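Fold and contact review
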Amino acid sequence: GIQVEQSPPDLILQEGANSTLRCNFSDSVNNLQWFHQNPWGQLINLFYIPSGTKQNGRLSATTVATERYSLLYISSSQTTDSGVYFCAVDSGGSNYKLTFGKGTLLTVNP
Amino acid sequence: DGGITQSPKYLFRKEGQNVTLSCEQNLNHDAMYWYRQDPGQGLRLIYYSQIVNDFQKGDIAEGYSVSREKKESFPLTVTSAQKNPTAFYLCASSPRTSLAKNIQYFGAGTRLSVL
C-alpha cells in the first residue's frame, strides 16, 4: 500500500516563528488532507489539497503531486498552534481509504 | 449543531467483556470510518462503510465488529478477541461528492482503557 512519511517528527518553536512541515508519499494520490490534532485529541481539518496551493490565514499548504510531496507552512506561530499535524492520503480506487503519516508534534512556547 | 458525535468520551473494559462505541453523524454523509490511534502513532483504519448495510474491513479489523443499519449511525464493538484494546478511537464521515470525494471529518474520539 501507499506509504506516508512526515518530517520532522518533533518541532519546538518560539511564539512568532515560522515553520514548514513536510509530507512525502510513495504513489500518486486522489486526495491529500492536512489535519491538526489538538491536545484533547480532536482532529481538525486544515486543508484538502491533492495538488496546488491553498492559504487560510496564517496557514498555507502546497502539494506537488508529480514529485509526491506536500508542505504545510505555519507563519507567526501561536501557542494555540501546538499539537500534532497529520498528513493523510487516498491513492484512489473504489474504497477511499485514507492512509495517515505518523505526524509532526509541534510545540510553540510563549 | 451539525457534526459527528462519539460517545462515551472515556470507556473502561474488563477482561472478557465486549464494549460498544457509538458514532452518530447528522451531516447526511454516505461514508463512515473507524480509526484506532496508539500513543505517538498515526491513525489506522479498522472498518469503513460506504453505504447503509454494507461495510468493509480496514487494515486492523481483527477483534472488532461493526454494523451500519442507519445512514447516521456506525457503532463499533470491541470484542474480547481484541487482546490489546487500549487506544484512542476516532470515527469519521465523508460526503463522497463528485467535487471532493473523500474529505473526511472527525468526531472527538473515545478513549478506551482495560481495567
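Here is a short report on the structure shown in this document. (Residues numbered from 1 in each chain as written. Chains lettered and ligands numbered in written order. Predicted model: local features only at pLDDT ≥ 70, side-chain atom pairs only at ≥ 80, totals over all residues. Heavy atoms only, no water.)

**What about the overall build of chain B?**
- Within chain B, the secondary structure is distributed over 0 helices and 11 strands.
- If you list the helices and strands of chain B from N to C, you get β-β-β-β-β-β-β-β-β-β-β.
- Overall, the C-alpha framework of chain B stretches about 45 × 25 × 25 Å when taken along its three principal axes.
- Among the 115 residues that make up chain B, the fraction classed as buried is 50%.
- Pairs at least 24 apart in sequence give 53% of the contacts found in chain B among residues at least 6 apart.
- For chain B, the exposed surface amounts to about 5600 Å²; the carbon and sulfur share of it is 48%. (Helix = DSSP H or I, 4+ residues; strand = E, 2+ residues; numbered from the N terminus. Buried < 20%, exposed > 50% of the residue type's maximum accessible area, 1.4 Å probe, protein only. Contact = heavy atoms within 4.5 Å. Areas by Shrake-Rupley, 256 points an atom, 1.4 Å probe, with all protein chains shown as cover.)

**Some thoughts on the interface of chain A and chain B**
- Between chain A and chain B, the contact holds 20 residues from the first and 24 residues from the second.
- For the chain A face of the interface with chain B, the top three residues by lost area are Y96(A), K97(A) and F100(A), together amounting to 31%.
- The interface formed by chain A and chain B holds 1 salt bridge in total.
- The shortest N-O distance in the salt bridge between D59(B) and K97(A) comes to 3.5 Å.
- Going through the elements one at a time, β4 (31-37), β5 (43-48) and β9 (83-90) of chain A are the ones with two or more residues in the side of chain A that touches chain B. (Buried area = accessible area lost by both parts, 1.4 Å probe. Salt bridge = Lys/Arg side-chain N within 4 Å of Asp/Glu carboxyl O.)

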